[in-house]
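This is what each chain is made of:
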Amino acid sequence: MAVTGTAVAVAISLPGSAGANGVAGPAGTAGTAGSAGASAGTGAAGATGQGDAGAQAAGAGEAGTGNQAAGSAPPPPATVAPAAAEGEKGLGSDPLTDDELARAEQLALTPPAAAAQENVEGGRGPQHLGTLLADPVPGDGARRAEVRFYDYAKDELVTRTVNLGTGKVERSAAQRGVQPSAHPEELREALELILASPLGKGVKEDYKDATGKQLTSTEQLWFNGDVYRPYREANVPAQLADCGKHRCVRLVTKVLNGAWINTRNLIVDLSARTVTRVG
């Protein structure tokens, strides 16, 4: 029994002795092992204490940062700088200003030729289609504008280049069979002709089905469109054989903020002021 007890004592004392000097001690050093265990426990407690203190310090730092952020003033609201005032004249390749656009159109409408021309409504003067900044002339810093009109009296595209510095029309050309994109005023007139035509009955019925109201004005519809080009079509009715020479357009329409209304099968010849169904 004494031997057995000694063996147990040695077995218990080994961790303490090994931890102290790396050599197994006698049986009587079991108490030292217990001291070492206590020391180890104290170390663990110390580590735990340090961890708690660190956590508390970190928490205090975060709290301080939070308090500082809370105490700082909020950033000012974002603002948009106003656009720079547009001058009467642009420079170099700047887009044409509103003043230059108006001046170019006025200069291009040279009497008495303009008085003999017609717009899309049949009124006096050609139909304005658009104004662009003309390509610069090498070695000349003057700004020029290219103004395009359509003369419905002759079915001609009229292009005039005006010098915005001198106020003179430097070039003028007329072409037939050339059909640039339609102007919004032309599209509106086309819609007026559709609504006035017997073929516009279906458009009015579709509008009433969609809204429960009568369609009496172009202002009740959103619309867009472009020139009708017969060479893109498989079958062209005889009534539209002159499209290309004449100014013809096709529209897409819809109820304002509502349903689409099919008008793509209605072609308007603005030169002849007729409406033809296709398809």
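Here is a short report on the structure shown in this document. Since the model is a prediction, treat every value here as computed from it, not as a measurement.

## Describing the sheet that holds strand E4 (residues 169-175)
Sheets are built from strands paired through backbone hydrogen bonds, the pairs being either parallel or antiparallel.
Link 1 in the chain: As summarised here, the arrangement of the four strands in space is E1-E2-E3-E4, forming an open sheet in which the pairing is antiparallel. Two strands in the sheet have a free side with no partner beyond their single neighbour: strand E1 (127-133) and E4. Here the strands of the sheet are splayed against their neighbours by 15° on average, with no regard to which way each runs.
Link 2 in the chain: Where helix H3 (residues 98-108) meets the sheet, its contacts fall on E1, strand E2 (144-151), strand E3 (156-163) and E4, and the angle it forms with E2 comes to roughly 55°.

## As for the state of the cysteines
Link 1 in the chain: This model, assessed by the stated rule, comprises one disulfide.
Link 2 in the chain: A disulfide bridge connects Cys243 with Cys248, and the sulfur atoms are separated by 2.1 Å. Taking the sign of the S-S torsion, about -85° here, the bridge from Cys243 to Cys248 comes out left-handed. A single burial state applies to Cys243 and to Cys248, both of which are buried.

## Some thoughts on the pairing of E2
Sheet faces and side chains relate simply in a regular strand, where the side chains alternate between the two faces.
Link 1 in the chain: With six of eight residues buried, E2 is to be regarded as a mostly interior element.
Link 2 in the chain: As paired strands, E2 and E3 are joined by eight bridges and run antiparallel to one another. Paired with Asp151 across the strands is Glu156, a residue of E3.
Link 3 in the chain: Linking E2 to E3, which pair antiparallel, is a turn of four residues; within it Asp155 sits at a positive phi near 50°.

## Comments concerning the side chain of His246
Link 1 in the chain: When you line up the elements, His246 lands in the loop between strand E5 (221-227) and strand E6 (248-255).
Link 2 in the chain: A distance of 2.9 Å separates polar atoms of two side chains, one belonging to His246 and the other to Asp269.
Link 3 in the chain: Aside from chain neighbours lying at most four places away, what touches His246 is Tyr150, Asp155, Gln179, Asp269, Ser271 and Ala272.

## Considering the packing of aromatic side chains
Link 1 in the chain: Throughout the structure, instances matching the rule amount to two aromatic pairs.
Link 2 in the chain: Taking 4.9 Å as the distance between ring centres and 65° as the angle between the ring planes, the aromatic pair formed by Tyr150 and Tyr152 counts as edge-to-face.
Link 3 in the chain: In this structure Tyr150 comes out as buried when scored by relative accessible area, which is 1%.
Link 4 in the chain: When the ring of Trp222 is compared with that of Trp260, the centres are 5.7 Å apart and the planes differ by 90°; the resulting orientation is edge-to-face.

## Structural notes on the nonpolar core
Link 1 in the chain: If you look at the biggest cluster of nonpolar residues, it comprises 26 residues, and the most contacted ones within it are Ile194, Val203, Val249, Val268 and Leu270.
Link 2 in the chain: In terms of residue count, helix H4 (residues 184-196) provides more of this core than any other element does, six residues in total.
Link 3 in the chain: Those residues in contact with Val249 that sit more than four places away from it in its chain are Ala182, Leu187, Ala190, Asp226, Val227, Tyr228, Leu266, Ile267, Val268 and Leu270.
Link 4 in the chain: Listed in part, the ten residues of the second largest apolar core include Leu96, Leu107, Ala145 and Phe149.

## As for unusual backbone geometry
Link 1 in the chain: Here the phi dihedral of Asn257 falls at roughly 55°; this positive angle occurs in a residue that is not glycine.
Link 2 in the chain: Along the polypeptide, Asn257 turns up in the loop between E6 and strand E7 (260-261).
Link 3 in the chain: Given a relative accessible area of 84%, Asn257 falls into the exposed group.
Link 4 in the chain: A positive phi angle is found at Arg273, which is not glycine, with a value near 60°.

Quick notes on the rules
- Residues numbered from 1 in each chain as written.
- Predicted model: local features only at pLDDT ≥ 70, side-chain atom pairs only at ≥ 80, totals over all residues.
- Heavy atoms only, no water.
- Pairing = 2+ DSSP bridges.
- Helix = DSSP H or I, 4+ residues; strand = E, 2+ residues; numbered from the N terminus.
- Axes fitted to C-alpha atoms, helices over the stretch in contact; angles between N-to-C directions.
- Contact = heavy atoms within 4.5 Å.
- Disulfide = S-S within 2.5 Å.
- Buried < 20%, exposed > 50% of the residue type's maximum accessible area, 1.4 Å probe, protein only.
- Polar contact = N/O pair within 3.5 Å; in protein donor to acceptor, adjacent residues only side chain to side chain.
- Phe/Tyr/Trp six-rings, centres within 6.5 Å; stacked < 30°, edge-to-face > 60°.
- Core = buried A, V, L, I, M, F, W, Y, C linked by side-chain atoms within 4.5 Å.

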